Amino acid sequence: MQFHHHGYVSGDPRVKPAAGVGLDRPEELPDEVDVLIVGAGPAGMIAAAQLSQFPDVMTRIVDRRPGRLEIGQADGIQARSVETFQAFGFAQEIIAEAFWQTEMVFWKPDPADPSRIVRVKRTPDDPAGVSEFPHLLVNQARVLDYFGDVMAKSPTRAKPDYGYEFERLEVADEADGAEYPVTVHLVHTAGEHAGEPRVVRAKYVVGADGARSRVRSAIGCHMAGDQANHAWGVMDVLAVTDFPDIRLKASIQSEAGSILLIPREGGYLFRMYVDLGEVPLDDHHHVRQTTIEQVIARANEILHPYTLDVKDVAWHSVYEVGHRLTDRFDDVETDAAGTRTPRVFIAGDACHTHSAKAGQGMNVSMQDGWNVGWKLGHVLEGRAPEALLATYSAERQVVAQSLIDFDKQWSSMMAKKPEEFSSPDELEEFYAATFEFPAGFMTQYAPSLIVGAGEHQALADGYPIGKRFKSAMVTRVCDGNPVHLGHHATADGRWRIYVFADGARAGEASAVADFAEWLATAPDSPIAATPEGADRDAWFDVKVVYQQAYTDVDLGAVPKAFLPTSGPFELTDYEKVYAADPADDVFEQRGIDRGGAVVVVRPDQYVANVLPLAATDELAAFFRPILSAKEAQPATA
């Protein structure tokens, strides 16, 4: 964490100085906003947290609840999400309070006595080490609290507006040229104004209002997919049991049905997904009337010979597994794509529904919200053209389809009876073979306005274009500290340009020296787009990694492009110069060509391009359409 560059900070350095709309933020919901987010769940809160980092963008997030979520709903936090939390600044705090999942155990009927269950296998959670962060289990409410804290400490001093329910919206014709083309009709749900209507006009709307999304309906999107045909009871409980693996994630299959056991934070609480069986087509959701007592009784049948004595139920529900997806994530009809600017977006459960047992709902929803959040921020601040917004639906709809396909396999396998598997180890083998998908690391965006075609991928095989930037250990030259290269990339809306140097030393004539000179002085360098008066690295965070040990890198000889000045005192930022650790060489780990390479990373941590150091024309050409903001609307001041 860096601070003091704007003057001495004696308080909490995580609280950023108020700026822009945060200087006089109205307590009441304004009549006009840049972005109105509907729904304060994971997708909505991360979008709001990202947009809160753009000081001149007026963002408000409304929710029909009278206050914060307290309990229930999602609980699985995949490693990709923890990487995301690191960018937003609270990974370590949530890691400290969450349950760490390090392995999964599998229980099946005892061949000698099928009425009893026995443990058959233990599987490591991340055998390949795809992330430096653990898989966590923690109440969704705490995740939302942390994003709320990010918003409160942001320059805009943002916070949710509770007690508003969405009713409908209208989008003005683009030819009208309205500054706030989306008219949103809300109704107060709490307080002295409960039942009264409220109208807000917005430039853009994000609907993150859940599986029964009214925003989705308002823009004519329809869910399509499989009807629900299997029901599960879910309960968060405190209980006394003789089941030995109660503090491990466990798949339990018995003749009486299946349980997915999820330990929870705090050492005592755990969640059980209890198989309630097939749902007849004419059930008409009658299964949802299953009582908590019936769910507990079913759990005891499945656990035999072990018993479960429930002492307290913190939360419970019954749900039917269905897999449904919308064909677009914005208000532009498929046959009209590219003809107009999308004004309304949907995210999270409003776009995709599936089972909860793969731990994907909250995790995928947060990536939806982050994706649309930074793009809206760039367009509204004039950094990028409105064409950028069309990439949201194009990217995230494909990811959601992959999620649906995976979850169909996983949930159907979880519902199988032991005798229905083709081999005794089929479930365990599937879990081990596919762990990277639920962990969040199989997403790979296709070439687009913001993803390169990959002609030079061989220069950095370990950073696949379109996939998330995997961090690696390096040594910070200024102080000799070993650090994770990716952990310095915060969710501040900036692009990252990682320059992996050729073999020359700092100060010697070399390809990296030529690249640094172009970056700092050329009119077609992306850095040249930085607004006058802003810090040189306000839009682009440029870092260099030398091949030599840190003791052999002379900071005085490092090009100025890698040592920008910051703040009103123009203080030198020394924390952008790194060296490979000879014992843990990032060049070896990530397959980086010793002749050097440039790795471009988007604000949401996905690799956008890989280029040679000499390919300055290609780098300029890549950023030119991204930085051409003639179509952008000026943000509300």
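As the structure is a computational prediction, the values presented were derived from the model and not from experiment. (Residues numbered from 1 in each chain as written. Predicted model: local features only at pLDDT ≥ 70, side-chain atom pairs only at ≥ 80, totals over all residues. Heavy atoms only, no water.)

**Describing the overall build of the protein chain**
Turning to step 1, where the next piece is worked out: When helices and strands are counted, the protein chain shows 12 helices and 27 strands.
Turning to step 2, where the next piece is worked out: Over its C-alpha atoms the protein chain spans a radius of gyration of 26 Å, differing by no more than 12% from the 26 Å that the globule rule assigns to 637 residues.
Turning to step 3, where the next piece is worked out: With respect to the principal axes defined by its C-alpha atoms, the protein chain has extents near 75 × 60 × 50 Å.
Turning to step 4, where the next piece is worked out: Of all 637 residues assigned to the protein chain, the portion counted as buried reaches 57%.
Turning to step 5, where the next piece is worked out: Of the roughly 25,300 Å² that the protein chain leaves accessible, carbon and sulfur atoms contribute 51%. (Helix = DSSP H or I, 4+ residues; strand = E, 2+ residues; numbered from the N terminus. Rg over C-alpha atoms; globule rule 2.2 N^0.38 Å. Buried < 20%, exposed > 50% of the residue type's maximum accessible area, 1.4 Å probe, protein only. Areas by Shrake-Rupley, 256 points an atom, 1.4 Å probe, with all protein chains shown as cover.)

**Details of the packing of aromatic side chains**
Turning to step 1, where the next piece is worked out: Throughout the structure, instances matching the rule amount to 24 aromatic pairs.
Turning to step 2, where the next piece is worked out: Ring centres of Trp374 and Trp495 lie 5.9 Å apart, and the angle between their planes is 85°; on these two criteria the pair is classed as edge-to-face. Residue Trp374 is found in helix H7 (residues 361-380), and its partner Trp495 is found in strand S21 (residues 495-500); the two are separated by 121 residues along the sequence.
Turning to step 3, where the next piece is worked out: For Trp374, a relative accessible area of 0% puts it in the buried group.
Turning to step 4, where the next piece is worked out: Given a relative accessible area of 2%, Trp495 falls into the buried group. (Phe/Tyr/Trp six-rings, centres within 6.5 Å; stacked < 30°, edge-to-face > 60°.)

**A few points about the sheet that holds S21**
Each strand in a sheet pairs with another by means of backbone hydrogen bonds, the pair being arranged parallel or else antiparallel.
Turning to step 1, where the next piece is worked out: Reading across from one edge, S20-S19-S25-S22-S21-S26-S27 is the order of the 7 strands in this open sheet, with mixed pairing throughout. The open sheet terminates on both sides in strands that have one partner only, identified here as strand S20 (482-484) and strand S27 (607-611). Going from strand to strand, the sheet's axes swing by 30° on average, the running direction of each strand aside.
Turning to step 2, where the next piece is worked out: As defined by bridge partners, strand S22 (residues 540-546) adjoins strand S25 (residues 577-579) across 3 bridges and the pair is classed as parallel. (Pairing = 2+ DSSP bridges. Axes fitted to C-alpha atoms, helices over the stretch in contact; angles between N-to-C directions.)

**A look at the confidence of the model for the protein chain**
Turning to step 1, where the next piece is worked out: Taken over all residues, the pLDDT of the protein chain has a mean of 91, while the share at 70 or more is 94%.
Turning to step 2, where the next piece is worked out: Low confidence marks residues 630-637, where pLDDT is under 50. Its contacts with residues over four positions away, or in another chain, come to 24 contacts. (pLDDT = per-residue confidence, 0-100. Contact = heavy atoms within 4.5 Å.)

**Things to note about helix H12 (residues 616-627)**
Turning to step 1, where the next piece is worked out: For H12, with 12 residues, the first-to-last C-alpha span of 16 Å sits near the 16 Å given by 1.5 Å per residue.
Turning to step 2, where the next piece is worked out: Along its buried surface, H12 packs onto S21, helix H10 (511-521), S22, strand S26 (597-601) and S27. (Expected span 1.5 Å × (residues − 1).)

**Some remarks on a negative patch on the surface**
Turning to step 1, where the next piece is worked out: A cluster of acidic side chains, namely Glu255, Glu278, Glu419 and Glu420, defines a negative patch on the protein surface.
Turning to step 2, where the next piece is worked out: Within the secondary structure, Glu420 sits in the loop between helix H8 (390-415) and helix H9 (426-433). (Patch = residues over 30% accessible without salt bridge, like charges linked within 9 Å, V, L, I, M, F, W, Y side chains within 5 Å. Salt bridge = Lys/Arg side-chain N within 4 Å of Asp/Glu carboxyl O. Lys, Arg positive; Asp, Glu negative; His and termini not counted. Charge placed at Lys NZ, Arg CZ, Asp CG, Glu CD.)

**Quick notes on the pattern of salt bridges**
Turning to step 1, where the next piece is worked out: Per the counting criterion, the structure on display carries 45 salt bridges.
Turning to step 2, where the next piece is worked out: A salt bridge links Glu170 to Arg168; the shortest N-O distance between them is 3.4 Å.
Turning to step 3, where the next piece is worked out: For Arg168, a relative accessible area of 43% puts it in the partly exposed group.
Turning to step 4, where the next piece is worked out: Of the charged contacts, one joins Arg340 and Asp331 as a salt bridge, the two residues approaching to 3.2 Å between their closest N and O atoms.
Turning to step 5, where the next piece is worked out: Accessibility expressed as a relative area gives 7% for Asp331, which makes it buried.

**Some remarks on the packing of helix H1 (residues 42-51) against H7**
Turning to step 1, where the next piece is worked out: Axis separation between H1 and H7 bottoms out at 7 Å; the angle between their running directions is 30°. Considered as vectors, H1 and H7 are oriented roughly parallel to each other. Relative to H7, the crossing made by H1 is right-handed. Only Met362, Ser365, Met366, Gly369, Trp370, Val372, Gly373, Trp374, Leu376 and Gly377 of H7 make contact with H1, whose side of the interface consists of Pro42, Ala43, Ile46, Ala47, Gln50 and Leu51.
Turning to step 2, where the next piece is worked out: Along the lines of polarity and charge, the residues of the contact of H1 with H7 split into 11 nonpolar, 5 polar and no charged. (Parallel < 35°, antiparallel > 145°, perpendicular 65-115°, else oblique. Left-handed = near helix turned anticlockwise from the far one by under 90°. Nonpolar A, V, L, I, M, F, W, Y, C, P; charged D, E, K, R; others polar.)

**Brief notes about the environment of Leu325**
Turning to step 1, where the next piece is worked out: Mapped onto the secondary structure, Leu325 falls in strand S16 (residues 308-325).
Turning to step 2, where the next piece is worked out: Here the alpha-carbon distance between Leu325 and Val206, two residues 119 residues apart in the chain, equals 17 Å.
Turning to step 3, where the next piece is worked out: In this structure, Leu325 is in contact with His222, Met223, Ala224, Cys351, His352, Gln397, Ala400, Gln401 and Ile404, ignoring residues within four places of it in sequence.

**Quick notes on the sheet that holds strand S4 (residues 99-101)**
Turning to step 1, where the next piece is worked out: The 3 strands are arranged S3-S7-S4 in an open sheet whose pairing can be described as antiparallel. The open sheet is flanked by strand S3 (76-77) and S4, the only strands paired with a single partner.
Turning to step 2, where the next piece is worked out: Where S4 meets strand S7 (residues 135-137), 3 bridges bridge the pair, whose relative direction is antiparallel. The residue bridging Gln101 from the neighbouring strand is His135, located in S7.

**Some thoughts on the side chain of Arg496**
Turning to step 1, where the next piece is worked out: Relative to the elements of secondary structure, Arg496 occurs in strand S21.
Turning to step 2, where the next piece is worked out: By relative accessible area, which is 2% here, Arg496 ends up buried.
Turning to step 3, where the next piece is worked out: A distance of 3.1 Å separates a polar atom in the side chain of Arg496 from the backbone oxygen of Thr490.
Turning to step 4, where the next piece is worked out: One polar contact links Arg496 to Asp541, side chain to side chain, over a distance of 3.0 Å. (Polar contact = N/O pair within 3.5 Å; in protein donor to acceptor, adjacent residues only side chain to side chain.)

**A closer look at the pairing of strand S19 (residues 473-476)**
Turning to step 1, where the next piece is worked out: Inspection of the sheet shows S19 paired to S20 by 3 bridges, in the antiparallel sense. Following the sheet pairing, Thr475 is matched in S20 by Pro482.
Turning to step 2, where the next piece is worked out: Between the end of S19 and the start of S20, which pair antiparallel, lie 5 residues, with Gly480 showing a positive phi angle near 75°.

**Looking at the side chain of Thr341**
Turning to step 1, where the next piece is worked out: Relative to the helices and strands, Thr341 is located in the loop between S16 and strand S17 (344-346).
Turning to step 2, where the next piece is worked out: Taking the relative accessible area as the measure of exposure, Thr341 reaches 9% and is therefore buried.
Turning to step 3, where the next piece is worked out: Side chain to side chain, Thr341 and Glu386 meet in a polar contact 2.9 Å long.
Turning to step 4, where the next piece is worked out: Setting aside residues up to four positions removed in sequence, Thr341 forms contacts with Glu174, Tyr204, Val332, Glu386 and Leu389.

**Looking at the packing of H1 against helix H4 (residues 140-152)**
Between two packed helices, the angle of one axis relative to the other and the distance separating the axes together describe the packing.
Turning to step 1, where the next piece is worked out: Running from N to C, H1 and H4 point in directions that differ by 20°, and their axes come no closer than 9 Å. Of the possible angle classes, the one that applies to H1 and H4 is roughly parallel. Handedness of the crossing formed by H1 with H4: left-handed. Here H1 contributes Pro42, Met45, Ile46, Ala48 and Ala49 to the contact with H4, which in turn contributes Gln140, Leu144, Phe147, Gly148, Val150 and Met151.

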